[in-house]
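Report on the structure
Each chain, letter by letter, is given below.
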Amino acid sequence: MSTPGGRRGHGGPRYPAWLALPALGWYAAFFLAPLGFVAAYSFAELSGFVGVDFAWNLENYRYLWDPVYRDIFVRTLGLASFGTAATLLAGFPFAYWLARYSRRRTLLLLLVIVPFWTSFLIRAYAWLIILDPSFPLFRALDVDLLYTTTAIYIGVVYNYLPLMVLPLYAALERIDWSLVEAAQDLGDGPLRAFRRVTLPLALPGVVAGSLLVFIPLTGEYLIPAILGGNKTAYTGTLIAQEFSEAHDWPLGSAIAMVVIGSMTVVLVAFSRIAARGEVANG
Amino acid sequence: MNEHEIEDVPGGRRTDRKGFVAGAVATVAAIGLGRFGAVDALAASEADAGELFYYNWADYVNPKTYPAFTKATGIKVKKDYYVSNEALLAKLKGGARGYDLIVPTGYMVSILSQEKLLQPIQWSKLPAVKANINPKFRHLPFDRNDRFSVAKDWGTTGYMYRTDLVKERPKTWREFVNLTKGKYSGKVTVLDGIPEVIGSMLVMLGYSYNTDNASQLDKAKQELIALKPHLRAITSTEYKQMLIAGKIVMALGWNGDGLAVAAKKPAAYVIPREGGEFWVDSYAIPVGAKNPDAAHKWINYVYGARNNAVETAYTYYGSPVRPALLRGVLAKSILGNPAIFPSATVLAKLQANQITARGTALRNRIWTEFKNA
C-alpha cells in the first residue's frame, strides 16, 4: 500500500496550496498558452507570403522528415553534446578545487559570475575581435578561426562554462569530505574513492549542470550567427530563418515542437539518472 | 550657412559602421539655393512638435540630417533598425505598432499593403515631393497609384572587390563565382538575403531573377552549394568593414556599400554583365503610427533638393529627385558616377524583385539547403 502524504511521509508541515498560484498563473499565461499557440501553428498551413490557414494536418512534420533537416538536427545535437562534455571536463576540476581547497571561494565565484554583467551579445562581438587573425595570439600562431566551426565551439564553451560550474560547485560544496577520507582509510585509493564516493555525491550537480548547458544549446542562435558567420544551420538559426526571413510560422513552429519534444525525452532520461543518484546516496 | 556644405562620408544602406571614422572628403560646398526652382522644405521652427519613430535600415540616413530636421520642424527622431525586408514584415505582422515611418523595398511595399499594414500617403502634405520628384519614380509597378509609398532612393545588387588585392578585373557573375571557388576561396562573402543571393545565381544562369520554375531554381541551388565551402561568411552587415580591413577581397552586396569601400580603399563595384537586381526603397507609413504627420514632414523635408543631396552624398544611393535640381548641390563625382546613376542601357538589363509567394517558398527551402551545405 502506498503511504498517504507522499514520499516524505506524515508529520511534515502542510503548506497552503494557494502559495503556488502566482507562479502557476505566470506559467499558464506566459509558458503554457504560448506553447499552445506554437503547437496550433505547427499544424497550420502557410498561405501566400505570410498568411496562416489553421488546420489540423501533419504536413509540416512530414516536410521535416528529410535529410536536410536530419543533418541540421544531428549537427545541433553534436554541438550540444560537445558543449556539455567540454564544459563538464573543464568545469569539474575547477569546481572541485573551489569546493574542497580554495580559500578565496567568494571572490572566485564572483569572478565566475562577472561575465553575466555584460550582455552576451556584446561578449560575442568581443570574441570576434579576439578570434580575428590580426589578434596577437592568433597572428603568432598563424591560425585564422574567424567564422569557422571551431569559433562556434570556442564561443559555446566560453559562454556556457559558468552554467556548468555553479551547480557543480553547489553539489561539491555540500560534500562531507570526511566520507572520502573514511573511504581512503578503509583501503580505497584516491581514484577509487573519487569514483565510489565523490562522484555519486556530485551527481545531482553534474545532472543539473548538464541540463543547464545541453537544453539551451539545442536552441542556440547567437553563437552560430555571430561567431560562425551565419553560414551554418543549427535548429536555432533555422527557426529564426523560418520566422523572420521566410515567414513560414507553421514550419518554424513545427521545428520548435520537434526540438521541445526531443528535449522532453532528454529531460526525462536525465532526471531518471538523477533520481537513481539520489537513491544511491540514500 | 554651413548647412549647405556637403561631405562625402562613407556609409551604407544596410550596414552598421563600427567605429570607422568618416573619411570626409569634402566635395561640394556652399552652392546657392533654390536657383533651379527647387522648393525647399519649410523651415518653420516649432517648439515641440512631438516625436517621429523611424524604423529603418541601419546607417541609411546621414547623421547630420536628424538634428537638421529637428531644428527645422521641432520634431525629435527616435530610431530603430531592421536588417532585411523580411525582418520588417515579420515585426509588423507580429503586431509591432507605434512606428511612424519605414523604408521597405518595392516588393515589400506591395506585400505590406496587401497585408493591410500600411496607411495611405497624404500627398497634400508633401509639396516638396510633388515639386521635386523625378516623374520616373511615380506610379512604380509595386504601387501604381502612389497610395502607400514615396521613393526614398534606389540602387542595385551586384558585387564589389578590392582592386589592389584582386588583380583580375571581373565583370560577370560567372567570374565572381569562379574566382570565389578558385584563387580567393575563403575571402568572399555574400549577403544574408534570400532573394538577392539566389537571384544572382539565376541571372548568371540566364534565367529571370524572379523565376519560380523549379528546375531553374534547382540549378541555382547547385551553384550555391558548390560555392558554399568557399565563403567566409553570409552577412549583410559586416562585409563593408571586412573589405576595408582586407579580411575579404570580394563581396556580393549593394552598390552604396561598394562605393563606401571605394571611398576608403582601392575598390570597385560591378553591375555584372548578365544583369542583376534593381531596387527602389520607399518611404511608407505603417498602420498604428502614432505621428503620421511627423512622417509626412520627414519625407517632405528630405525631398528638399539640398537636404536630398546631403543624403545622397552619404548613402551613395541614387536619388529620386530630378537630376536638374541636384546639379549644383550634389558633387559631380556622385551625380556622374555610373555605379550610383547607371546608364539607361545598363538599367535595362536589371530586374526588380517580383517574386511570387510560390517562388518565395521554393527559395526558402533552397536557402536552408545552402546553409546546411
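1. Overview of the domain arrangement of chain B
By a widespread convention, an interface's size corresponds to the accessible area lost as its parts come together. Residue and element names in this part refer to chain B. On domain assignment, one finds that chain B holds domain 1 (49-149 + 284-341) and domain 2 (155-277 + 352-372). Measuring from the centre of the C-alpha atoms in domain 1 to the corresponding centre in domain 2 gives 26 Å. Each partner contributes to the interface: domain 1 provides eleven residues, whereas domain 2 provides 14 residues. Interface of domain 1 and domain 2: buried area, both sides summed, is about 980 Å²; carbon and sulfur atoms make up 60% of it. For the domain 1 face of the interface with domain 2, the top three residues by lost area are Tyr316, Tyr317 and Ala339, together amounting to 51%. Connecting domain 1 to domain 2 are one salt bridge.

2. Topic: the pattern of salt bridges
By the definition in use, this model includes 21 salt bridges over all chains. Residue B:Arg174 is joined to B:Glu223 by a salt bridge in which the shortest nitrogen-to-oxygen separation is 3.0 Å. On the criterion of sequence distance, the pair formed by B:Arg174 in helix H5 (residues 173-181) and B:Glu223 in helix H7 (residues 214-227) is long-range, its members being 49 residues apart. You can call B:Glu223 buried: its relative accessible area is 14%. Each of A:Asp66, B:Asp218, B:Lys221, B:Arg365 and B:Glu369 takes part in one network of salt bridges that share partners.

3. Concerning the nonpolar core
Within the largest apolar cluster, 165 residues are counted, with the highest numbers of intra-cluster contacts made by B:Leu52, B:Tyr54 and B:Trp298. At nine residues, helix H9 (residues 190-217) of chain A tops the list of elements feeding residues into this core. Shared between two domains, this core holds at least three residues of each, these being domain 1 (49-149 + 284-341) and domain 2 (155-277 + 352-372) of chain B. Aside from chain neighbours lying at most four places away, what touches B:Tyr54 is B:Val61, B:Tyr66, B:Val77, B:Lys78, B:Lys79, B:Asp80, B:Leu101, B:Val103, B:Lys152, B:Tyr283 and B:Trp298. In this structure, A:Leu64, A:Val68, A:Tyr69 and A:Ile255 belong to the second largest nonpolar core, which totals nine residues.

4. A word on helix H7 (residues 149-173) of chain A
The first and last C-alpha atoms of H7(A) sit 35 Å apart over 25 residues, in line with the 36 Å expected at 1.5 Å per residue. At A:Tyr160, H7(A) shows its maximal kink, close to 40°; a proline, A:Pro162, follows between one and four residues later.

5. A look at a nonpolar patch on the surface
On the surface, A:Tyr15, A:Trp18, A:Leu19, A:Leu21 and A:Leu24 cluster together to form a nonpolar patch covering roughly 650 Å² of accessible area. Within the secondary structure, A:Leu19 is located in the segment before helix H1 (21-42).

6. Some thoughts on the side chain of B:Thr105
Residues and elements named next belong to chain B. Within the secondary structure layout, Thr105 lies in the loop between strand S5 (101-102) and helix H3 (106-114). Its relative accessible area of 4% is what places Thr105 among the buried residues. At 2.6 Å, the side chain of Thr105 forms a polar contact with the side chain of Asp281.

Thresholds applied
Residues numbered from 1 in each chain as written. Chains lettered and ligands numbered in written order. Predicted model: local features only at pLDDT ≥ 70, side-chain atom pairs only at ≥ 80, totals over all residues. Heavy atoms only, no water. Domains from an automatic or database assignment. Contact = heavy atoms within 4.5 Å. Buried area = accessible area lost by both parts, 1.4 Å probe. Salt bridge = Lys/Arg side-chain N within 4 Å of Asp/Glu carboxyl O. Helix = DSSP H or I, 4+ residues; strand = E, 2+ residues; numbered from the N terminus. Buried < 20%, exposed > 50% of the residue type's maximum accessible area, 1.4 Å probe, protein only. Core = buried A, V, L, I, M, F, W, Y, C linked by side-chain atoms within 4.5 Å. Expected span 1.5 Å × (residues − 1). Bend = angle between axes of the 7 residues up to and from the residue. Patch = residues over 30% accessible without salt bridge, like charges linked within 9 Å, V, L, I, M, F, W, Y side chains within 5 Å. Areas by Shrake-Rupley, 256 points an atom, 1.4 Å probe, with all protein chains shown as cover. Polar contact = N/O pair within 3.5 Å; in protein donor to acceptor, adjacent residues only side chain to side chain.

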